[in-house]
Amino acid sequence: MKLGITGFPGSGRTTVFEALTRNFSDAGHKGENRIGVMRVPDARVDVLSDMYKPKKTIYAQVEYFMPGSAARGAEKKIDRNSLTAVRDCDALIHVLRNFGGYGFDAPMPYEDFLALDQELVLSDLVVAEKRLERLEMDKKRGRVVEPEEISLLTECRKHLEQEIPLRKFPELAEAKLLRGYAFISGKPMLVLLNNEDDDEQMPQAGDLQTKENCTIIRAKLEQELAQMSAEEAQSFLSEFNITASAMDRVIKASYELLGLMSFFTVGEDEVRAWTIRKGTPAIDAAEVIHSDIKKGFIRAEVLSYNDLMDAGSYAEARKKGTVRLEGKTYQVQDGDIINFRFNV
Ligand SMILES: Nc1nc2c(ncn2[C@@H]2O[C@H](COP(=O)(O)OP(=O)(O)OP(=O)(O)O)[C@@H](O)[C@H]2O)c(=O)[nH]1
Ligand SMILES: [Mg+2]
């Protein structure tokens, strides 16, 4: 699962990418694509690891992709190639400039947001129209066309003509028949307002905050922070009134945005967070670990993280009766600790 970073040239995409992934290089300045894999911070995994003292502790991960861009800073031009490049991402992180300074106009995050969103909508409209024309032609020629595909595409076209991004219609955006089109306005989006170092306020930005999933960050500050030693970071944190890295928050929000959640396996060898989509049944969660566990599935022994905390230990939880046996169709919950019983 991959998140693509978008935004105007000069909005701070490279800075955000580096702060997020701690991957510092001048590759971005040469217009190269960059990819970074980050662990998803999860205090529950820390606690479980303290409890079991395993040889290995494995966190969930998310991947960030930043397309290289030929456009250079503050050009105020949307780079279409970099939009095309994020079409195969599962969600978007959209960076808005809310800082000024030498060489920059006054920030206009709301206008920038609308301009980019319009671009996303237009490029999807072109795709939908072309495909509909094609399908109509095929129909006339007597070829078999899927009527459901035509009606879904027609619905998309209607919304796009009204300049509404498809992410406002999640069911439509996620329809199986439309998957191949990789509609970019249909991808879940996290909007990052990239503020000045000393500014923690949400800017004037119309109805942005109520309509979109927004987070305020100070990317330059975070990028500097990410390059410091622990001691340096400590004094920096208090100076700028930061309690925890905003990037941890962004990574967690990314995981949520992708519709993902974690279940855990625990033991002396390994404490591990496994990633599944919300609503996944136990039988498919088993497959994430190994296809043999799915094939030979008998039961899932489940204890929720909170019940483990209440009881203090697995053995106590068992005595209290909070360890449950669940079948194949059980819908796994975020934070379930699972021990799969299976035959090989
Ligand atoms: N004050 C301030 N400056 C920032 C912030 N984020 C980025 N900058 C500066 O803005 C400039 C552009 O940032 P980049 O991260 O290179 O932006 P970009 O979107 O990757 O830009 P291009 O790749 O050049 O299109 C750099 O000089 C950054 O140091 C911020 O949060 N506050
Ligand atoms: Mg850049």
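Computed from a prediction, not measured in an experiment: that's the story for all the values here.

So, the site of ligand 1: which residues are in play, and what are the values?
Close to ligand 1 lie 18 residues; Gly10, Arg13, Thr14, Thr15 and Asn194 are nearest. One of the backbone nitrogen or oxygen atoms of glycine 10 is found 2.9 Å away from an oxygen atom of ligand 1. For ligand 1, whose unbound accessible area comes to 640 Å², protein coverage reaches 82%. Mapped onto the shell around ligand 1, the elements with two or more residues apiece are α1 (13-21), β6 (189-195) and α8 (219-226). Here the element with the most residues in the shell around ligand 1 is α1; it accounts for three residues. Residues of the shell around ligand 1, tallied by class, amount to six nonpolar, eight polar and four charged.

Can you lay out the packing of α8 against helix α9 (residues 230-239) for me, pointing to particular residues and giving the numbers?
The geometry of a pair of packed helices is captured by two quantities: the angle between their axes and the separation between those axes. With their axes 9 Å apart at the nearest point, α8 and α9 run at an angle of 155° to one another. Between α8 and α9, the angle is such that the two are roughly antiparallel. For the pair α8 and α9, contact is made by Leu221, Glu224 and Leu225 and by Ala233, Phe236 and Leu237, respectively. Here the contact of α8 with α9 is built from residues that sort into five nonpolar, no polar and one charged.

How would you sum up the domain arrangement of the protein chain? Please name residues and give values.
Domain annotation for the protein chain reports domain 1 (2-40 + 61-105 + 188-257), domain 2 (117-185) and domain 3 (279-342). The centre of domain 1, based on its C-alpha atoms, is set 30 Å off from the matching centre of domain 2. Overall, the association of domain 1 and domain 2 removes approximately 900 Å² of surface from exposure, summing both partners, and the carbon and sulfur fraction of that is 53%. By the criterion of area lost to domain 2, the three top residues of domain 1 are Leu83, Arg87 and Met189, representing 56% of everything that side buries. In this assembly, domain 1 and domain 2 are joined by three salt bridges. Salt-bridge contacts for aspartate 124 lead to arginine 87; the nearest nitrogen and oxygen are separated by 3.4 Å. Connecting domain 1 to domain 2 are six residue pairs in polar contact (both at pLDDT 80 or more). Its residues assigned to classes, the side of domain 1 that touches domain 2 shows five nonpolar, no polar and four charged.

Account for the nonpolar core, naming residues and giving values.
Ranked by size, the top nonpolar core spans 41 residues in total, and within it Leu3, Leu20, Val62, Tyr64, Ile93 and Ile217 carry the most contacts. Tallying contributions element by element places helix α10 (residues 246-257) first for this core, with six residues. With near-sequence residues (within four places) excluded, leucine 3 lies in contact with Val62, Glu63, Tyr64, Phe65, Cys89, Ala91, Ile93, Ser254, Leu257 and Leu258.

An account of the environment of valine 47 is needed here, citing residue identities and associated values.
On the secondary structure map, valine 47 appears in helix α2 (residues 43-52). Among the residues examined, valine 47 registers a relative accessible area of 32% and is labelled partly exposed. Spatially, the C-alpha atoms of valine 47 and cysteine 214 are 29 Å apart, while their sequence positions differ by 167 residues. Ignoring anything within four residues of it in the chain, the contact list for valine 47 reads Tyr305 and Met309.

Give a detailed account of the sheet that holds strand β5 (residues 91-98), specifying residues and quantitative values.
Ordered by their spatial adjacency, six strands build an open sheet running β2-β4-β1-β5-β6-β7, and the pairing between neighbours is mixed. Either end of the sheet is taken by a strand with one partner, and the two such strands are β2 (34-39) and β7 (213-217). Across the sheet, the mean angle from the axis of one strand to that of its neighbour is 25°, orientation sign disregarded. The pairing of strand β1 (residues 2-7) with strand β4 (residues 61-66) spans three bridges and is classified as parallel. Within the sheet, the bridge partner assigned to glycine 4 lies in β4 and is phenylalanine 65. Each of β1, β2, β4, β5, β6 and β7 is contacted by α1, which is oriented at about 35° to β2, the strand it contacts most.

Tell me about the side chain of serine 11, residues and numbers included.
By secondary structure assignment, the location of serine 11 is in the loop between β1 and α1. On the basis of relative accessible area, serine 11 is assigned to the buried category, the value being 2%. Ignoring any residue separated from it by four or fewer positions in sequence, one finds serine 11 in contact with Val95, Leu96, Arg97, Phe99 and Asn194.

Report on the environment of glycine 12, specifying residues and quantitative values.
Along the chain, the position of glycine 12 falls in the loop between β1 and α1. Sequence spacing of glycine 12 and arginine 299 is 287 residues, and the spatial spacing of their C-alpha atoms is 49 Å. Not counting chain neighbours up to four residues away, the residues in contact with glycine 12 comprise Val95 and Asn194.

Calculation notes
- Residues numbered from 1 in each chain as written.
- Chains lettered and ligands numbered in written order.
- Predicted model: local features only at pLDDT ≥ 70, side-chain atom pairs only at ≥ 80, totals over all residues.
- Heavy atoms only, no water.
- Near = heavy atom within 4 Å.
- Polar contact = N/O pair within 3.5 Å; in protein donor to acceptor, adjacent residues only side chain to side chain.
- Areas by Shrake-Rupley, 256 points an atom, 1.4 Å probe, with all protein chains shown as cover.
- Helix = DSSP H or I, 4+ residues; strand = E, 2+ residues; numbered from the N terminus.
- Nonpolar A, V, L, I, M, F, W, Y, C, P; charged D, E, K, R; others polar.
- Axes fitted to C-alpha atoms, helices over the stretch in contact; angles between N-to-C directions.
- Parallel < 35°, antiparallel > 145°, perpendicular 65-115°, else oblique.
- Contact = heavy atoms within 4.5 Å.
- Domains from an automatic or database assignment.
- Buried area = accessible area lost by both parts, 1.4 Å probe.
- Salt bridge = Lys/Arg side-chain N within 4 Å of Asp/Glu carboxyl O.
- Core = buried A, V, L, I, M, F, W, Y, C linked by side-chain atoms within 4.5 Å.
- Buried < 20%, exposed > 50% of the residue type's maximum accessible area, 1.4 Å probe, protein only.
- Pairing = 2+ DSSP bridges.

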